[in-house]
Number of protein chains: 2
Amino acid sequence: MDGKALAAKVDVATKNKVQKLADQGIVPGLVVILVGEDPASQIYVRNKERRAKKMGLNSVVRKLPDTISESELIEVIHEYNVNPKIHAILVQLPLPAQIDEFHITMAIAPEKDVDGFHPLNLGRLLVNKVAKTPVACTPQGIMTILNAYHISLSGKKVVIIGRSTIVGKPMAALLVNANATVTIAHSHTRHLSEVTREADILIVAVGIAHFIHAKDVKEGAVVVDVGMDRDADNKLVGDVDFESVKPKAAFLTPVPKGVGPMTITTLMAQTVSLAEWSSEENG
Amino acid sequence: MDGKALAAKVDVATKNKVQKLADQGIVPGLVVILVGEDPASQIYVRNKERRAKKMGLNSVVRKLPDTISESELIEVIHEYNVNPKIHAILVQLPLPAQIDEFHITMAIAPEKDVDGFHPLNLGRLLVNKVAKTPVACTPQGIMTILNAYHISLSGKKVVIIGRSTIVGKPMAALLVNANATVTIAHSHTRHLSEVTREADILIVAVGIAHFIHAKDVKEGAVVVDVGMDRDADNKLVGDVDFESVKPKAAFLTPVPKGVGPMTITTLMAQTVSLAEWSSEENG
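Reading the values: rules and limits
Residues numbered from 1 in each chain as written. Chains lettered and ligands numbered in written order. Predicted model: local features only at pLDDT ≥ 70, side-chain atom pairs only at ≥ 80, totals over all residues. Heavy atoms only, no water. UniProt positions renumbered as here; feature names shortened; annotations may be inferred. Helix = DSSP H or I, 4+ residues; strand = E, 2+ residues; numbered from the N terminus. Expected span 1.5 Å × (residues − 1). Buried < 20%, exposed > 50% of the residue type's maximum accessible area, 1.4 Å probe, protein only. Arc of directions from axis to C-beta. Contact = heavy atoms within 4.5 Å. Axes fitted to C-alpha atoms, helices over the stretch in contact; angles between N-to-C directions. Parallel < 35°, antiparallel > 145°, perpendicular 65-115°, else oblique. Nonpolar A, V, L, I, M, F, W, Y, C, P; charged D, E, K, R; others polar. 1 Å grid on protein atoms, 1.4 Å probe; cavity = no way out; pocket = protein on both sides within 12 Å on 5 of 7 lines; lining within 4 Å. Points joined across faces, edges and corners; volume = space filled by probe spheres on them. Buried area = accessible area lost by both parts, 1.4 Å probe. Salt bridge = Lys/Arg side-chain N within 4 Å of Asp/Glu carboxyl O. Polar contact = N/O pair within 3.5 Å; in protein donor to acceptor, adjacent residues only side chain to side chain. Pairing = 2+ DSSP bridges. Phe/Tyr/Trp six-rings, centres within 6.5 Å; stacked < 30°, edge-to-face > 60°.

Taking an unreviewed UniProt entry as the reference, chain A is identified by name as Bifunctional protein FolD belonging to Pediococcus cellicola. Word for word, the UniProt comment on chain A under Subunit (unreviewed entry) is "Homodimer." Under the heading Function (unreviewed entry), UniProt records this for chain A: "Catalyzes the oxidation of 5,10-methylenetetrahydrofolate to 5,10-methenyltetrahydrofolate and then the hydrolysis of 5,10-methenyltetrahydrofolate to 10-formyltetrahydrofolate."

See the structure below:
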């Protein structure tokens, strides 16, 4: 499954929406807040900034020192919560130890929560009330991939490995809402290979290079690899051993050019959606 | 597993808490809002009222005509949201067709949402931030039962049949948080019996009398029956065929006197918790 090509397609649709909003005098605004100087975070933020500009968004990067206190960071967030030019607020994770990530998530106005990590938005997703509700970008992007490749979900056995707020939990909610039979596996799961071999659709988000091999996968399964890992040669690889699993799987997302590009594309699309929803509320 | 005996034990602990609050001049207040005259709802509300009085709570039943509009009902809820003598608000379901249940759920102040159905509380549960967070009473009651019978959950295969907001979805979140490997099955699940036979712990919430038989259950499984169904003779029975499953299961909750009593006991306990949390916030 070619995430990069699909992302390019979605980007075209998003740009059209940006154009329509421009005709109404609205420029969707995304602020990315970066605390400290973590090298990986700096790269991610730069990529987001570049893409946002390319899409014609109002892209703001707010850099803050890693000595900032939790309450100071919350004050900065409040500033953007009430700024009408900003429709989407993203705080780049991880945060320094003195700051509780959950408090930060809670501080973002739910209607500007482009990551979909605010518990109000997660709760809406859980009960399938997703109208005008931002959803975590990685699982949302995976749904777009599955949909584009006409993978039917209703009644299918889906196994998700990983239960993070960023991937596993919202992914499970999306798939239950799509009528799949969903199993959430994780580090405490026993006999994991037996569990994964049952899956019609296997979604792997463990963060360990080449964690899943051919023996762990059912013949003809759909395999989605959320990993962004480094192998012994420091090459970017996934959680799935692509070469061994490829012949056995009906569909398999590669790393790179699989889930990764769809995540950032979904972030852009969702920024635009937040601007649209905001203009509908205010219009 | 004897839900009734366990409920009586929990009630004693709750009463002690009520006494302690009384010493501080606080009486936990529960309002149950009943719209219309559905006979089953009237019985449920009467039972809750009786139990709340027995526990020494300030029990209010607010009866409203089934012609009430959504906005009128929301106004009544707002009245209790700001009433300092009321710590817990429960709107008895179902509601008449002109009222959207989700709008009503959203109108209840999250800190008085004793049913735990507000998406903010569901989202907090999903991300395992449950301090001072009300959780749906039936799944919470089931956790109390599993805990009382020393059923270990970590790494266990749990299958939940049912994906309602009232039982299945919060149950899944609680169990994932307790390190179980959780499968959510439902009406679209194919080969359900194969799925349920894999379960170390099987939780059945489908609302169909005697839906699960011995052939659907693994030898030595723990089976929790959430059903409250009527058989052909109008007798109260569960979703599980008790007689056939009993010899095969290591533990099995009966109906009646299983999950049912624990639900109402949890409702009382959670009303008291809401009053405690409120006094901590204000004290």
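Student: What is the right way to look at helix H3 (residues 70-81) of chain B in this model?
Tutor: Residues and elements named next belong to chain B. Helix length check: H3 (12 residues) gives 16 Å between terminal C-alpha atoms against 16 Å at 1.5 Å per residue, within 8%. Taken as a whole, H3 has its buried residues at Leu73, Ile74, Val76, Ile77, Tyr80 and Asn81. Down the axis of H3, the smallest arc covering the buried residues is 155°, so these residues share one side. In this fold, the buried residues of H3 make contact with strand S1 (29-35), strand S2 (58-64), strand S3 (88-91) and helix H4 (101-107).

Student: I would appreciate a short explanation of the packing of helix H6 (residues 137-148) of chain B against helix H10 (residues 259-282) of chain B in the present structure.
Tutor: How two helices pack is summed up by the angle between their axes together with the distance between the axes. Residues and elements named next belong to chain B. Taken N-terminus to C-terminus, the directions of H6 and H10 make an angle of 105°; their axes are 8 Å apart at the nearest point. Taken together, the axes of H6 and H10 are roughly perpendicular relative to one another. Here Cys137, Thr138, Gln140, Gly141, Ile142, Thr144 and Ile145 of H6 lie close against H10, whose contacting residues are Val259, Met262, Thr263, Thr266, Leu267 and Gln270. Of the residues that constitute the contact of H6 with H10, the class distribution is 6 nonpolar, 7 polar and no charged.

Student: What am I meant to see in empty space enclosed by the protein here?
Tutor: Gaps left between atoms show up when a probe the size of a water molecule is rolled over them. In this structure the tally under the stated criterion is 4 cavities of 30 Å³ or more. In this model, the largest cavity occupies a volume close to 220 Å³. For the lining of the largest cavity, the elements supplying multiple residues, two or more each, are strand S4 (157-161) and strand S5 (181-185) of chain A together with strand S4 (157-161) and strand S5 (181-185) of chain B. The calculated volume of the second largest cavity comes to roughly 130 Å³. The wall of the second largest cavity is formed by Leu126, Lys169, Ala172, Ala173, Val176 and Ile184 of chain A together with Leu126, Lys169, Ala172, Ala173, Val176 and Ile184 of chain B. Among the residues forming the lining of the second largest cavity, the class breakdown is 10 nonpolar, no polar and 2 charged.

Student: Can you walk me through the interface of chain B and chain A in this structure?
Tutor: Interface size is often expressed as the accessible area that is lost when the parts come together. Each side of the interface is counted separately: chain B has 33 residues, and chain A has 33 residues. Roughly 3,100 Å² of surface becomes buried between chain B and chain A when both sides are summed, with 62% attributable to carbon and sulfur atoms. The largest contributions to the chain B side of the interface with chain A come from Phe102, Leu126 and Lys169 of chain B, which together make up 19% of the buried area. Along the contact surface separating chain B from chain A lie 0 salt bridges. Here chain B and chain A share 19 residue pairs in polar contact (both at pLDDT 80 or more) between them. Of all the secondary-structure elements, those providing two or more residues to the side of chain B that touches chain A are H4, helix H5 (119-126), helix H7 (168-177) and S5 of chain B. With 6 residues, the single largest contributor to the side of chain B that touches chain A is H5 of chain B.

Student: Mind showing me how you'd approach the pairing of strand S7 (residues 222-225) of chain B here?
Tutor: For a regular strand, side chains alternate in direction, first toward one face of the sheet and then toward the other. Residues and elements named next belong to chain B. Side chains Val222 and Val224 of S7 all project onto a buried face; the interleaved residues Val223 and Asp225 project onto the opposite face, where all are buried too. In the sheet, strand S6 (residues 201-204) pairs with S7 via 4 bridges, with the strands oriented parallel. Across the sheet, the residue bridging to Ile203 is Val224, located in S7. Two elements, S7 and strand S10 (residues 251-252), share 2 bridges in a ladder whose sense is parallel. Residue Val223 lies in a different strand from S10, and its bridge partner there is Leu252.

Student: Would you mind showing me how to read the packing of aromatic side chains here?
Tutor: All names here are of chain B. Scanning the model with the defined rule gives 2 aromatic pairs over all chains in all. Ring centres of Tyr149 and Phe251 lie 5.8 Å apart, and the angle between their planes is 65°; on these two criteria the pair is classed as edge-to-face. You can see Tyr149 sitting in the loop between H6 and S4 and its partner Phe251 sitting in strand S10, a full 102 residues away along the chain. Tyr149 gets classed as partly exposed once you look at its relative accessible area, which sits at 27%.

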